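If you want the building blocks of each chain, they are given just below.
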Amino acid sequence: MSIDDHQERRTKILATLGPATDDPAVMEKIIRAGVNCVRLNFSHGTHEQHQKRIELVRETAKKLNVIVGVLGDLQGPKIRIARFKDGKINLKPGDFFVLDSALDSDAGTQTEVGIDYKELPHDVIADDILLLNDGLITLIVKKIDASRVICEVVQGGELSNHKGINKKGGGLTAKALTDKDRDDLIFAVKMDVDYLAISFPRNAQDIHEAQNLIRLAKGTCGVIAKIERVEAVAAIDEIIVASDGVMVARGDLAVEIGDAEVPMVQKHIIQRARSLDKPVIVATQMMESMIHNSVPTRAEVSDVANAVLDNADVVMCSAETAAGEFPVETIEAMDRVCRVVEKQPQTQQSKHRVECKFTRVDEAIAMATIYTANHFDVRAVVALTESGATPLWMSRIRTGLPIYGLSRFARTLGKMTLYRGVYPIYFDVTKCTRDAVNQKSITILEEKNFLQKNDRVILTKGDHMGRSGGSNAMKIIVVGEVL
Ligand code: PGA
Ligand code: MN
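Residues numbered from 1 in each chain as written. Chains lettered and ligands numbered in written order. Predicted model: local features only at pLDDT ≥ 70, side-chain atom pairs only at ≥ 80, totals over all residues. Heavy atoms only, no water.

**As for the coordination of the manganese ion (ligand 2)**
In a perfect tetrahedron of four donors around a metal, the angles come out at 109.5 degrees. In a perfect octahedron of six, they are 90 or 180 degrees.
Logical step 1: Every protein donor of the manganese ion (ligand 2) is accounted for by Glu228 (OE) and Asp252 (OD), and the metal-donor separations fall at 2.0 to 2.1 Å. Of the two residues, Glu228 sits in the loop between β13 (222-227) and α6 (230-234) while Asp252 sits in helix α8 (residues 250-257), which places them 24 residues apart along the sequence. (Donors = N, O, S within 2.8 Å, 3.2 Å for Na, K, Ca; no water. Helix = DSSP H or I, 4+ residues; strand = E, 2+ residues; numbered from the N terminus.)

Given below as structure tokens:
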């Protein structure tokens, strides 16, 4: 399969990088298998390791002549226990166990452990439920004694160094950006990432704070809000409006709201993001068993399929690609499932927005284009874009047709890697004469075999090419006719 065949898949694949993808041959294989954007998880690894990974992605993408976006993911105030003298312990129901903010970081034993998050004793009261290690271990708070949170074990299990702590129902006061996050943000801007993901934001204010820091660092990346707290679900609309996209971060979200709540909340977040014109990523455990197995479970196949049916823009891999034994097979499996499900008519036609008013010229052009494309014999949509806004609007409406986003800006191309159905292609309009732009755009797509003679396409652009937000024209073109 040629790498350009991935333009047939509309749903995007975001793959977390890690030791399992450090081999250049593996990196090449996962990109060939269909990775659209990569994620650097700043919860693990050093800046040096992340830099090496970013460089490898960029080199490989260049060699394969594809656009691969880069997303940096801040750790956030993940509230963690410190370390045990022996690395790990095993808790049994009925045991008493103390989380002590004053205890030395390495002094954890069978009965107590330190915590990095010093506010914990102020944030909890008796009868609160604390979940450790993504919910595998449940503690009930019995008493607070100064720095010591005294708990009884309800659900036991193995507990090792640095596992996360969540409070059921939310309400831990930790700020969204820690000192480490600020440091990582500067690094991410220096690395020129396309997106920065913010962990555990509570509201739009937390997103604005990150955006201010990015601006101060002279960065231009988009901000993705990870929805993984009770407070964020309640403030979902304002968070979506404030950010450039959201992630349904099911790992921590399930711990905070309860696993059974997650599927419907996931559907709700996808629906709100699409309505508010932003891309949405579904993350965590999508292909979990593939960390050790070469094929997914039936349940995992269904999970990916449902995200596609709900019109998510992106499905994500975490440890499956970062640390798993089968990173390439994982991407192949996701690609395969997305393609089959995308053939369903309900993912291709939309009654969306027939009754709403448009507020901008480029938005009106985008809507008119997709409406026409869905009701006429058209092979593809070609959007000449500066900021990516026109293809983003187009991609909020269901269609089975490819939307080619042609831009001269690396950032715009990188950001479009997460828009469902949009295929970023490098094209510098300022390098050809006004009269030649249409023909040149079509030629690029013919050269990639995306278009054939006699295909009908809709092309959108602005009179003043090179100006952002300026799309004001749609033109119906037949490939091969003299333009
Ligand atoms: P994480 O975020 O992997 O950084 O924790 C994703 C999630 O919580 O699902
Ligand atoms: Mn998380």
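**Remarks on the sheet that holds strand β2 (residues 37-41)**
Logical step 1: Sheet architecture is closed into a barrel: 8 strands sit in the order β1-β2-β3-β12-β13-β14-β15-β16, paired in parallel fashion. With direction set aside, neighbouring strand axes in the sheet form an average angle of 25 degrees.
Logical step 2: Strand direction decides the pairing type here: β2 and strand β3 (residues 69-73), joined by 5 bridges, are parallel. By the bridge assignment for β3, Cys37 is matched with Gly69. (Pairing = 2+ DSSP bridges. Axes fitted to C-alpha atoms, helices over the stretch in contact; angles between N-to-C directions.)

**Examining unusual backbone geometry**
Logical step 1: Backbone geometry places Asp134, a non-glycine residue, at a positive phi of 50 degrees.
Logical step 2: Relative to the assigned elements, Asp134 resides in the loop between β7 (129-132) and β8 (137-145).
Logical step 3: Of note in the backbone geometry, Asn449 takes a positive phi value of approximately 65 degrees without being a glycine.
Logical step 4: When you line up the elements, Asn449 lands in the loop between α16 (437-447) and β20 (456-462).
Logical step 5: On the accessibility criterion, Asn449 (57% relative accessible area) is exposed. (Buried < 20%, exposed > 50% of the residue type's maximum accessible area, 1.4 Å probe, protein only.)

**Focus: the pairing of β3**
Logical step 1: Most of β3 is tucked away, with 5 of its 5 residues classed as buried.
Logical step 2: Alternating positions in β3 separate into two faces, Gly69, Leu71 and Asp73 on one and Val70 and Gly72 on the other, with burial throughout.
Logical step 3: Crossover handedness for the path β2 to helix α2 (residues 47-64) to β3: right-handed. (Right-handed = clockwise from strand over helix to strand, strands pointing away.)

**Observations concerning the domain arrangement of the protein**
Logical step 1: In terms of domains, the protein is made up of domain 1 (3-76 + 175-343), domain 2 (88-167) and domain 3 (361-478).
Logical step 2: Domain 1 and domain 2 are separated by 30 Å when their C-alpha centres are compared.
Logical step 3: Contact residues are listed per partner, giving 4 residues for domain 1 and 5 residues for domain 2.
Logical step 4: Carbon and sulfur atoms make up 47% of the surface buried where domain 1 meets domain 2, a total of about 380 Å² over both sides.
Logical step 5: When the buried area of domain 1 at its contact with domain 2 is split by residue, Asp252, Val255 and Glu256 rank highest and sum to 89% of it.
Logical step 6: For the pair domain 1 and domain 2, the interface holds 0 salt bridges. (Domains from an automatic or database assignment. Contact = heavy atoms within 4.5 Å. Buried area = accessible area lost by both parts, 1.4 Å probe. Salt bridge = Lys/Arg side-chain N within 4 Å of Asp/Glu carboxyl O.)

**As for the environment of Ile458**
Logical step 1: Among the secondary structure elements, Ile458 is positioned in strand β20.
Logical step 2: Each C-alpha atom, one on Ile458 and one on Ile477, is 6.2 Å from the other, the two residues being 19 residues apart in sequence.
Logical step 3: Once residues within four sequence positions are removed from consideration, Ile458 is found in contact with Thr369, Thr372, Ala373, Val378, Ala380, Val381, Val382, Met474, Lys475 and Ile476.

**Describing the layout of surface pockets**
Logical step 1: A volume near 740 Å³ is recorded for the second largest pocket.
Logical step 2: Taken together, 33 residues line the second largest pocket, and the ones lying closest to its centre are Asn65, Val66, Ile67, Val68 and Pro424.
Logical step 3: In terms of residue class, the lining of the second largest pocket is built from 17 nonpolar, 8 polar and 8 charged. (1 Å grid on protein atoms, 1.4 Å probe; cavity = no way out; pocket = protein on both sides within 12 Å on 5 of 7 lines; lining within 4 Å. Points joined across faces, edges and corners; volume = space filled by probe spheres on them. Nonpolar A, V, L, I, M, F, W, Y, C, P; charged D, E, K, R; others polar.)

**Here we look at the packing of α2 against helix α4 (residues 179-190)**
Logical step 1: Between α2 and α4, the shortest axis-to-axis distance is 11 Å and the interhelical angle comes to 30 degrees. Accordingly, the angle class assigned to the pair α2 and α4 is roughly parallel. Of the two elements, α2 crosses α4, and the hand of that crossing is right-handed. For the pair formed by α2 and α4, the contact residues are His47, His50 and Gln51 on the first element and Asp183, Asp184 and Phe187 on the second.
Logical step 2: Each residue belonging to the contact of α2 with α4 can be placed in one class, and the counts come to 1 nonpolar, 3 polar and 2 charged. (Parallel < 35°, antiparallel > 145°, perpendicular 65-115°, else oblique. Left-handed = near helix turned anticlockwise from the far one by under 90°.)

**Details of the packing of helix α1 (residues 24-33) against α2**
Logical step 1: Remark: α1 packs on α2, axes separated minimally by 10 Å, with the N-to-C direction vectors making an angle of 55 degrees. It follows that α1 is oblique to α2 by the angle criterion. With respect to the hand of their crossing, α1 and α2 are arranged in right-handed fashion. Seen from α1, the contacting residues are Pro24, Met27, Glu28, Ile31 and Arg32; seen from α2, they are Arg53, Leu56, Val57, Thr60, Ala61, Lys63 and Leu64.
Logical step 2: A per-class count over the contact of α1 with α2 returns 7 nonpolar, 1 polar and 4 charged.

**Some details on the pairing of strand β1 (residues 12-16)**
Logical step 1: The element β1 is extensively covered by neighbouring structure, given that 5 of its 5 residues are classed as buried.
Logical step 2: Side chains of β1 alternate between two faces, with Lys12, Leu14 and Thr16 and Ile13 and Ala15 buried alike.
Logical step 3: Relative to β2, β1 is paired through 3 bridges, and the arrangement is parallel. Of the residues in β2, the one forming a bridge with Leu14 is Cys37.

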